[in-house]
Amino acid sequence: MTVIYDRVALIGLGLIAGSMAHAIREGGLAREVVGFARSAETRATAREIGLCDRITDSATEAVADADLIVLAVPVGAMGAVAAEIAPHLKPGATVTDVGSVKQSVIDAVSPHIPTGVHFVPGHPLAGTEHSGPRAGFASLFRNRWWLLTPLPDSDPQAVARLSDLVRAMGAKTDSMEPAHHDLVLAVTSHAPHLIAYTMVGVADHLRRVTDEEVIQYSAAGFRDFTRIAASDPTMWRDVFLHNKEATLDILGRFTEELFVLQRAIRMGDGQQLFDYFTRTRAIRRGIIEAGQDTAAPDFGRVATTV
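Residues numbered from 1 in each chain as written. Predicted model: local features only at pLDDT ≥ 70, side-chain atom pairs only at ≥ 80, totals over all residues. Heavy atoms only, no water.

Enquirer: Just to check I follow, could you spell out the environment of Val73 for this structure?
Expert: Topologically, Val73 is positioned in the loop between β4 (68-71) and α4 (78-85). Overall, the relative accessible area of 18% leaves Val73 in the buried class. Residues Val73 and Ala37 lie 36 residues apart in sequence; the distance between their C-alpha atoms is 8.7 Å. In contact with Val73, not counting residues within four places along its chain, are Ile11, Gly12, Met78 and Val81. (Helix = DSSP H or I, 4+ residues; strand = E, 2+ residues; numbered from the N terminus. Buried < 20%, exposed > 50% of the residue type's maximum accessible area, 1.4 Å probe, protein only. Contact = heavy atoms within 4.5 Å.)

Here it is in structure tokens:
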């Protein structure tokens, strides 16, 4: 692979940044990958597993002479981190982020980007329910979308260079307006996560069902809810606080649809239920056809025996 950036600085060393470190180093896409995390424990773990070429004890040291700086911290911390590192960014460097919300991140980060430094917001649509420096793996982004939301004054060459890196890590790229991104993600990610957290919370509050029964007899649907609801609490708290309007809009529409189905069940309208489920089933088939999931039995979770 061709070296795309001489030095990449990863600020935050969780699942996404860790996977970027693995993918970049495996592909030889940078001459050096430098990492920093606020937690001393996280930094120690990253050093122990050799996650990056170098782990620093400050964000300012990590970004020194870096050509690409990746903000991989919770959305609510983006602005403070940008303010901290801004005086230490070299001219011509590119700053990007991996936050699940874009307009809020742009509003928080943009004022701190110095003249001569390029800011290209981004969001990889990839992840698992695991977090921390040990959670990353090089193939996380393979065949997944990585959305970029360039600003009107974003340098085209900086955008193209970042796109080259993303594709070299195995992802597919697309550009999107920040506000539209936030609406799309409210549908495809944010509201589903909130619903998952809520369903697990309902089971927890339903005292007629014991904790043992909930765990022991979890069918596929509830098991999938618990997988989603195992995601990082800090990250998701910030997502909902910073994508409030779009998430509330989608939750309102979800509530309306739920009332329609509730009435159909109460009235015994089997045809309406069948028609509704038939239409929505096509969405799942489309996801599989787009290569964003597998049609393997049990979603590929059951190991096959040879």
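Enquirer: Would you mind showing me how to read the pattern of salt bridges here?
Expert: Oppositely charged side chains may form a pair once their charged atoms are brought near each other. Here the structure, examined in full by the defined rule, presents 13 salt bridges. Across the pair Arg54 and Glu32 runs a salt bridge whose closest N-O atoms are separated by 3.0 Å. Here Arg54 is found in strand β3 (residues 54-55), whereas its partner Glu32 is found in strand β2 (residues 30-36), with 22 residues between them in sequence. In this structure, Asp97 engages Lys102 in a salt bridge whose closest nitrogen and oxygen atoms are separated by 2.8 Å. Both residues of the pair, Asp97 and Lys102, count as buried. Because the salt bridges share partners, they merge into one network encompassing Arg7, Glu32 and Arg54. (Salt bridge = Lys/Arg side-chain N within 4 Å of Asp/Glu carboxyl O.)

Enquirer: Just checking my understanding: could you explain the side chain of Thr94 for this structure?
Expert: Here Thr94 is to be found in strand β5 (residues 94-97). A residue is classified by how much of its surface remains accessible, and Thr94, at 3% relative accessible area, is buried. Dropping the residues within four chain positions of it, Thr94 is found in contact with Asp67, Leu68, Ile69, His118, Val120 and Ala158.

Enquirer: Is there a simple way to explain the packing of aromatic side chains in this structure?
Expert: In total, this model carries two aromatic pairs according to the counting rule given. Where Phe141 meets Trp146, the ring centres are 5.0 Å apart and the plane angle is 55°; that geometry is what we call tilted. Here Phe141 matches Trp146 in class, with each residue buried. Ring geometry for Tyr276 against Phe277: centres 6.3 Å apart, planes inclined by 85°, an arrangement best described as edge-to-face. Relative accessible area serves as the criterion here: at 16%, Tyr276 is assigned to the buried category. (Phe/Tyr/Trp six-rings, centres within 6.5 Å; stacked < 30°, edge-to-face > 60°.)

Enquirer: How do you make sense of the environment of Asp238 when you look at a structure like this?
Expert: Relative to the assigned elements, Asp238 resides in helix α10 (residues 233-242). For the pair formed by Asp238 and Ala77, sequence separation is 161 residues and the distance between their alpha carbons is 8.8 Å. Sequence-distant contacts of Asp238, defined by excluding residues within four places in its chain, comprise Pro74, Val75, Gly76 and Ala77.

Enquirer: What exactly am I supposed to notice about the confidence of the model for the protein chain here?
Expert: Detail in the predicted coordinates should be disregarded across regions flagged by low pLDDT. Summing up the model confidence of the protein chain, the mean pLDDT is 87 and the portion of residues at 70 or higher is 86%. Contacts of residues 297-306 to residues separated by more than four positions or lying in other chains number nine contacts, the stretch itself having pLDDT below 50. (pLDDT = per-residue confidence, 0-100.)

Enquirer: Would you take a moment to explain the sheet that holds strand β9 (residues 172-175) for this structure?
Expert: Hydrogen bonding along the main chain pairs the strands of a sheet, whether they run parallel or antiparallel. Spatially, the three strands line up as an open sheet ordered β7-β8-β9, and their pairing is mixed. Edge strands, defined here as strands with exactly one partner in the open sheet, are β7 (122-124) and β9. On average, each strand axis in the sheet is tilted by 20° relative to the strand beside it, whichever way the strands run. The sheet strands contacting helix α6 (residues 156-168) are β8 (145-148) and β9, and the helix crosses β8 at an angle near 170°. (Pairing = 2+ DSSP bridges. Axes fitted to C-alpha atoms, helices over the stretch in contact; angles between N-to-C directions.)

Enquirer: Explain the pairing of strand β1 (residues 5-11) here, please?
Expert: If a strand is regular, its side chains alternate between the two faces of the sheet. Of all the seven residues making up β1, five are buried; the element is thus mostly covered by neighbouring parts of the structure. Pairing geometry for β1 and β2, over six bridges, is parallel. Note that in β2 the partner of Val8 across the bridge is Val33. With helix α1 (residues 15-27) bridging β1 and the parallel β2, this β-α-β connection has right-handed handedness. Examined bridge by bridge, β1 and β4 share four bridges and lie parallel to one another. The residue of β4 that forms the bridge with Ala9 is Ile69. (Right-handed = clockwise from strand over helix to strand, strands pointing away.)

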